[in-house]
Amino acid sequence: MPSTAELNAIDDEQQLQKLLDAQDDFDERKKIRARLREIKEKKRQQRDKELNDRLSRIEDEAKRKLKMADEEKKQRLERFAEMAKTPTHVRESTRVSASDYIKQKHEEADRHKQKTLDMYQEEAKKHPHIDSGSAVEQRTRERIQRADEEKEKKLEKFKEMAEDHAFEQTMSLDDNTTMTTLLKSTRSDDGSSSIIKQTKVVTTNTGPGGTQFGNIKRGKAPPSGARGAMAAFKKMDNATSPNFLSAPKKPLQRSPSAIKQMLLSWCQAMTKGYEGVNVTNFSSSWSDGLAFCALIHHFCPDAFDFSKLNPKNRRGNFTLAFETAEKKADISPLLEVDDMVRMKTPDWKCVFCYVQSFYRRFREDATPPTTPEQ
């Protein structure tokens, strides 16, 4: 058995566990267990320390990112505030020579070509077993030729744009602000051309009723002074005040509850006057089958004698109504007779869907409700 000093120098749990298994003396086993507990406690403290350090690093990183986001937001707000100081929201940069613009595009095309060639050369180095004069070299030449052709096309496009066209690009800064960059070519009296770069920032504010106000449309500058104020007021008044005489009519939109009530009223009108039929809902009012019979009898009065029907004969009523609707009106039996007989109170959604078939089939029929047969 090792001494106390030697036991305290052991940090391996497996070694201590072997000593514990080989020792029979109670006091010695007690010392070994105490040493095991010390080692476990040290490891637990070490894990807690590492966890706290990791959480601290994560928290510091989150604070750093939050600070960077706040600084970036502050800078953006400062830029927007600077842009808003200009009443027309238009900032014009200095003129750029057309030759410098085309030269810049030449350099970009050369860099793209060189990057492509470097990629092809790297691909050739990966296959040293292939002869330099074989298919790899041929493919490389073809790709170089295609790169040159692509470069020429781009340069011709840029040159044409610089001489005859204007280039416009719109970028959204946030939900209410957009920035439009316009490159426009101009020619002087001596025949030289130059590029004018204009940047336009449009800020859209949301007014009452969800109406948006802002410098959105391009065109002539609005009049200034009292005339401009009156024109802006009229435009705002037209946008916020609805004109019911000139506004186009929108299609009528009904809520689900309104549609349900409309169909219920239609059923009540079609079954009015039938004995034993009182349609107040799409569930219990249809449980004995008489409402279905009254509905189809209203449009097909010669199909059967309604006065002979018995409300206690539920199966017969359901069968008669469903079969008559299918034969006389070509209405598919969406409901099963056995299911309707089994349920004392039918599911209103099933009845509602089936009754819709009647409405779609007979809604063009302008015939008023007839008196049921006695």
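## Observations concerning the packing of helix α8 (residues 290–299) against helix α11 (residues 348–362)
Next up, step 1: Running from N to C, α8 and α11 cross one another at 5°; their axes reach a closest spacing of 12 Å. Relative to α11, the element α8 lies roughly parallel. Judged by residue contacts, Phe292, Leu295, Ile296 and Phe299 of α8 engage Val351, Tyr354, Val355, Phe358 and Phe362 from α11.

## Regarding the confidence of the model for the protein
Next up, step 1: In this model, the protein carries an average pLDDT of 76, and 65% of its residues clear a pLDDT of 70 or more.
Next up, step 2: Within the protein, α8 carries the highest mean pLDDT (94), whereas strand β6 (residues 212–214) carries the lowest (45).
Next up, step 3: Under a pLDDT of 50 for its full length, residues 206–220 has, in the predicted model, 27 contacts with residues more than four places off or in other chains.
Next up, step 4: Contacts for the low-pLDDT stretch residues 240–248, under 50 throughout, to residues beyond four places or in other chains number three contacts.

## So, the packing of aromatic side chains
Next up, step 1: Tallying each qualifying case throughout the model produces 14 aromatic pairs.
Next up, step 2: When the centroid spacing of 6.0 Å and the interplanar angle of 20° are considered together, the rings of Trp266 and Phe299 count as stacked. A residue pair is termed long-range when its members are at least 10 positions apart, and Trp266 in helix α7 (residues 256–270) and Phe299 in helix α8 qualify at 33 residues.
Next up, step 3: On the basis of relative accessibility, which here comes to 14%, the residue Trp266 falls in the buried class.
Next up, step 4: Among the residues examined, Phe299 registers a relative accessible area of 15% and is labelled buried.
Next up, step 5: With 5.3 Å between their ring centres and 85° between their planes, Phe282 and Phe352 make a pair best called edge-to-face. Of the two residues, Phe282 sits in the loop between α7 and α8 while Phe352 sits in helix α11, which places them 70 residues apart along the sequence.

## Description of the pattern of salt bridges
Two side chains of opposite charge can pair, provided their charged atoms sit close to one another.
Next up, step 1: For the coordinates displayed, the defined rule picks out 15 salt bridges.
Next up, step 2: For the salt bridge of Glu38 with Arg35, the shortest nitrogen-to-oxygen distance reads 3.1 Å. Taken as a pair, Glu38 and Arg35 lie in helix α3 (residues 26–84) at a separation of three residues, close to a single helical turn.
Next up, step 3: Here Asp338 ties to Arg315 by a salt bridge, and the two come within 2.8 Å at their closest N and O atoms.

## Regarding unusual backbone geometry
Next up, step 1: Of note in the backbone geometry, Asp330 takes a positive phi value of approximately 60° without being a glycine.
Next up, step 2: Note on placement: Asp330 falls in the loop between α9 (314–329) and α10 (337–342).
Next up, step 3: By relative accessible area, Asp330 is classed as exposed at 67%.

Parameters and conventions
Residues numbered from 1 in each chain as written. Predicted model: local features only at pLDDT ≥ 70, side-chain atom pairs only at ≥ 80, totals over all residues. Heavy atoms only, no water. Axes fitted to C-alpha atoms, helices over the stretch in contact; angles between N-to-C directions. Helix = DSSP H or I, 4+ residues; strand = E, 2+ residues; numbered from the N terminus. Parallel < 35°, antiparallel > 145°, perpendicular 65-115°, else oblique. Contact = heavy atoms within 4.5 Å. pLDDT = per-residue confidence, 0-100. Phe/Tyr/Trp six-rings, centres within 6.5 Å; stacked < 30°, edge-to-face > 60°. Buried < 20%, exposed > 50% of the residue type's maximum accessible area, 1.4 Å probe, protein only. Salt bridge = Lys/Arg side-chain N within 4 Å of Asp/Glu carboxyl O.

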